[in-house]
Amino acid sequence: MKSTVIHRAGDAAAGLARPTSLAGNVYDAIFAQLMSLQIPPGARITVDTLVRELNVSHTPIREALGRLEGEGLVLRAHLVGYRAAPQVSRARFDELYELRLMLEPEAAAKATARMDEAGLTALQQLAGVMAADDGADEQLRYSDFARRDAEFHDKILEIAGNGLVRDVLRMQHTHFHIFRLMYHRLVTAEALDEHEALLDAFRKGDPKRAREAMLVHIQNSRTRLLPAFA
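Residues numbered from 1 in each chain as written. Predicted model: local features only at pLDDT ≥ 70, side-chain atom pairs only at ≥ 80, totals over all residues. Heavy atoms only, no water.

Things to note about the overall build of the chain
Just so we agree on the cut-off: Put simply, DSSP marks the helices as runs of H or I at least four residues long and the strands as runs of E at least two long, and each gets a number from the N terminus on. Type-normalised accessible area, obtained with a 1.4 Å probe on protein chains alone, sets the label of each residue: buried when under 20%, exposed when over 50%, and partly exposed for intermediate values. Here, two residues are considered to be in contact whenever any of their heavy atoms come within 4.5 Å of each other. Note that accessible areas follow from Shrake-Rupley with a 1.4 Å probe, and for residues the cover is restricted to the protein chains shown.
In terms of helices and strands, the chain carries ten helices and three strands. When the helices and strands of the chain are placed in sequence order, the string is α-β-α-α-β-β-α-α-α-α-α-α-α. Per-residue burial for the chain yields a buried fraction of 46% across its 230 residues. Taking contacts inside the chain between residues at least 6 apart in sequence as the whole, the part at least 24 apart equals 77%. For the chain, the accessible area works out to roughly 11,200 Å², and carbon and sulfur atoms hold 53% of it.

Here it is as structure tokens:
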């Protein structure tokens, strides 16, 4: 299969601009392509091609691919190389949402009782970053939203205080896989309102409302992404 590599807007002629953290910027570039389906599920990812396209050495490319492998987005096979992880199956999709529905609404309720000013501020900051229009191209904004959404949900789990539940959900890399199903503005735009409903419940210290807001959010997320299997 031919390697699929697409630049972020503005990078095509000169490769990547040299950032403060080159490895981090290389990771961001490849992550954005995976999230927006510029690198399709199952596509081969060739290190040499990325070196030429991004105008960097092998080292940051391999570091980025290793990190993405740890997140379940890239697979590596001996003597074969790297490949984008396949799209989750419908059965796996259903299992992931069943798991989230069992664990996250109750975690949101528990987090409400343990919420302090620092925790609420952190969640509000994440929500603000997700809502901000910083002028970045749509592909980059979508991938950044996917990352921030994962951090938002993980922060709620951290505040809830059950480390085992948090580890179970983090190990599934749920948010990265479900965002990769469909590259569409509705996936992000509608989620922002649902995040605000969660924040409102946290501000008011209402565990019942937090549980219900998380339940609705996860159910709506499933509905938004289900057409990917049509």
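Observations regarding unusual backbone geometry
The phi dihedral of asparagine 55 is positive, around 60°, even though this residue is not glycine. Along the polypeptide, asparagine 55 turns up in the loop between α2 (47–54) and α3 (58–70). A positive phi angle is found at histidine 173, which is not glycine, with a value near 50°. Structurally, histidine 173 is set in the loop between α7 (163–171) and α8 (174–179). Take histidine 173: its relative accessible area is 22%, and that puts it in the partly exposed class.

Concerning the pattern of salt bridges
Put simply, the rule reads: A pair is scored as a salt bridge if a Lys or Arg side-chain nitrogen falls within 4 Å of a carboxyl oxygen belonging to Asp or Glu.
With the rule as written, the count across this model stands at 20 salt bridges. For the salt bridge of arginine 148 with aspartate 144, the shortest nitrogen-to-oxygen distance reads 3.6 Å. In this pair, arginine 148 and aspartate 144 are both assigned in helix α6 (residues 138–160), four residues apart and thus about one turn of the helix distant. Classification of arginine 148 by relative accessible area gives partly exposed; the value is 26%. The partner of arginine 224 in a salt bridge is glutamate 194, with the nearest N and O atoms 2.9 Å apart. Of this pair, arginine 224 sits in helix α10 (residues 207–225) while glutamate 194 is found in helix α9 (residues 185–204), placing the two residues 30 residues apart along the sequence. Here glutamate 194 falls in the buried class, since its relative accessible area comes to 11%. Via salt bridges that share partners, Asp28, Asp144, Arg147, Arg148 and Glu151 belong to a single interconnected network.

Notes on the confidence of the model for the chain
Inclusion rule: The predictor attaches a confidence to each residue, and that confidence, scored 0 to 100, is pLDDT.
Overall, the predicted model of the chain reaches an average pLDDT of 87, with 90% of residues at or above 70. Of all helices and strands in the chain, the one with the weakest mean pLDDT is α8 (86), whereas helix α4 (residues 90–114) scores best (97). Below a pLDDT of 50 lies the segment residues 1–19, which in the model reaches 46 contacts outside its immediate sequence neighbourhood of four places, other chains included.

Let's talk about the packing of helix α5 (residues 117–131) against α6
In plain terms, the rule: The axes are straight lines fitted to the C-alpha atoms, using for helices just the contacting stretch, and the angles between their N-to-C directions are given from 0 to 180°. Oblique is the label for any angle not covered by the other classes, which are roughly parallel (under 35 degrees), roughly antiparallel (over 145) and roughly perpendicular (65 to 115). Handedness of a helix crossing follows the sense of rotation of the near helix relative to the far helix, less than a right angle counterclockwise being left-handed and clockwise being right-handed. Following the grouping adopted for this structure description, the nonpolar residues are Ala, Val, Leu, Ile, Met, Phe, Trp, Tyr, Cys and Pro, the charged ones are Asp, Glu, Lys and Arg, and the polar ones are all others, Gly among them.
Where α5 contacts α6, the two axes come as close as 9 Å, and the packing angle between them is 165°. Considered as vectors, α5 and α6 are oriented roughly antiparallel to each other. Seen from above, α5 lies across α6 with left-handed handedness. Here Gly119, Ala122, Leu123, Leu126, Ala127, Val129 and Met130 of α5 come into contact with α6, specifically with Asp144, Phe145, Arg148, Asp149, Glu151, Phe152, Lys155, Ile156 and Ile159. Here the contact of α5 with α6 is built from residues that sort into ten nonpolar, one polar and five charged.

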